[in-house]
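# Residue-level structure breakdown
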Amino acid sequence: MTTQTLAKQVHVIKHPLVQHKLTFMRKKETSTSMFRSLLEETSMLLAYEVTRDMPVELVSIETPMAPMKAPILAGKKIVIVSILRAGDGIKEGMLKILPSARVGHIGLYRDPKTLVPVEYYFKVPSDMEIRDTIVVDPMLATGNSAVAAIERVKSTNPKSLKFVCLLASPEGIRGFHDHHPDVPIYTASIDERLNEKGYILPGLGDAGDRVFGTKT
Ligand code: URA
């Protein structure tokens, strides 16, 4: 990874469209299909923000009227790494505006005895050293999974690394940046706190259950 300043950056995306959609995702009566659509739309907007600093280069083109030099993205080697399973909700939306992005997946479960995240799946492109990498998970709660996921992704030596979530807890941000001060966080909201079970308050509940409709 290229050297980034250890600035512990947290970008809260306060755009009214993001905040409006987030409110409807939070509401307990929002249906699975509506939640899924809103997450997809919000993820497109988050992708717009997280790519704001991507470099562009000028290329020569001809419009029907005249030749000109016009900007295109330089490099364009992006990979979105989804932390299973809820990360897939964000990944799908981001792919709508980054259709050429490559996709990676990481699966982690929490060992019930040690509470340490254990990896059960990991697949990313082989050329990570040329890829700007966006790791996605809707909820930065305790931060344990995100910390472990970023650790694993760092071991593949990506060109750059950013983390995108929908909601973050103050505890999660602290834990994340204690381990990875060099990785900027993009989120739509920093909520109040975690409850005793590690859920974000006020939050939106279990993001995976809400995307996939698996709450019993
Ligand atoms: N994961 C979730 O899905 N929701 C939370 O509030 C915390 C972790």
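The present account deals with the structure reproduced in this document. (Residues numbered from 1 in each chain as written. Predicted model: local features only at pLDDT ≥ 70, side-chain atom pairs only at ≥ 80, totals over all residues. Heavy atoms only, no water.)

## Observations concerning the site of the ligand
To be explicit about the condition: By convention in this text, a residue qualifies as near a molecule or strand provided that one of its non-hydrogen atoms is within 4 Å of it. Here a polar contact means two N or O atoms within 3.5 Å. Within protein one must be a hydrogen donor candidate and the other an acceptor candidate, and residues neighboring in sequence count only if both atoms are side-chain atoms. What sets the accessible areas is the Shrake-Rupley method with a 1.4 Å probe; for residues, cover comes only from the shown protein chains.
If you check the shell around the ligand, you find M139, A141, G198, Y199, I200, G205, D206 and A207 and nothing else. Contact distances for the ligand include 2.8 Å between a nitrogen atom and a backbone N or O atom of G205. A distance of 2.7 Å separates an oxygen atom of the ligand from a polar backbone atom of A207. Isolated, the ligand exposes 240 Å² of accessible area, and the fraction of that covered by the protein chains is 83%.

## Re the environment of A74
Under the convention used in this document: Each helix is a run of DSSP H or I of at least 4 residues and each strand a run of E of at least 2, with the numbering of both proceeding from the N terminus. Contacts are residue-level and defined by heavy atoms, with any inter-residue pair within 4.5 Å sufficient.
Mapped onto the elements, A74 comes out in the loop between β3 (67-73) and β4 (78-83). When the C-alpha atoms of A74 and E57 are compared, they prove to be 5.4 Å apart, with 17 residues separating the residues in sequence. Excluding residues within four positions of it along the chain, A74 makes contact with P55, V56 and E57.

## So, the side chain of D137
Quick note on the threshold: Relative accessible area decides the class of each residue, using a 1.4 Å probe on protein chains only: under 20% of the type maximum gives buried, over 50% gives exposed, and in between gives partly exposed. Lys and Arg are tallied as positive, Asp and Glu as negative. Neither His nor the chain termini are counted. Just to be clear on terms, a salt bridge is a Lys or Arg side-chain nitrogen sitting within 4 Å of an Asp or Glu carboxyl oxygen.
Its place among the elements puts D137 in the loop between β7 (132-136) and β8 (139-140). Buried and unpaired, D137 has R85 as its nearest opposite-charge partner, separated by 9.4 Å. When neighbours within four sequence positions are excluded, D137 is seen to be in contact with I83, A86, G87, I90, F163, V164, C165 and L166.

## Details of a nonpolar patch on the surface
Just so we agree on the cut-off: What makes a patch is a set of residues exposed beyond 30% relative accessible area and free of salt bridges, joined within 9 Å when like-charged and within 5 Å when nonpolar (Val, Leu, Ile, Met, Phe, Trp, Tyr).
Taken together, the side chains of V10, V12 and I190 present a nonpolar region at the surface, about 190 Å² in accessible area. Along the chain, the position of I190 falls in strand β12 (residues 189-190). For I190, a relative accessible area of 41% corresponds to the partly exposed category.

## Notes on the sheet that holds strand β6 (residues 117-123)
The line we're drawing: Paired strands, as defined in this entry, are two strands with at least two bridges between them according to DSSP. Axis definition: a line fitted to C-alpha atoms, limited for helices to the stretch in contact. Angles are taken between N-to-C directions and run from 0 to 180 degrees.
If you trace the 7 strands from one edge of the open sheet to the other, you get β1-β11-β9-β7-β4-β5-β6, paired in mixed fashion. Both edges of this open sheet fall to β1 (10-12) and β6, since each of them pairs with a single strand only. On average, each strand axis in the sheet is tilted by 20° relative to the strand beside it, whichever way the strands run. In this structure, β1 lies alongside strand β11 (residues 185-187), joined through 3 bridges in parallel fashion. Note on β11: the bridge partner recorded for H11 is Y186. On top of the sheet, helix α4 (residues 144-154) reaches β4, β5 (102-110), β6, β7 and β9 (160-164); it is set at about 45° to β6, its chief contact. In this fold helix α5 (residues 170-179) packs onto β1, β9 and β11, with an angle of close to 160° to the strand it touches most, β11.

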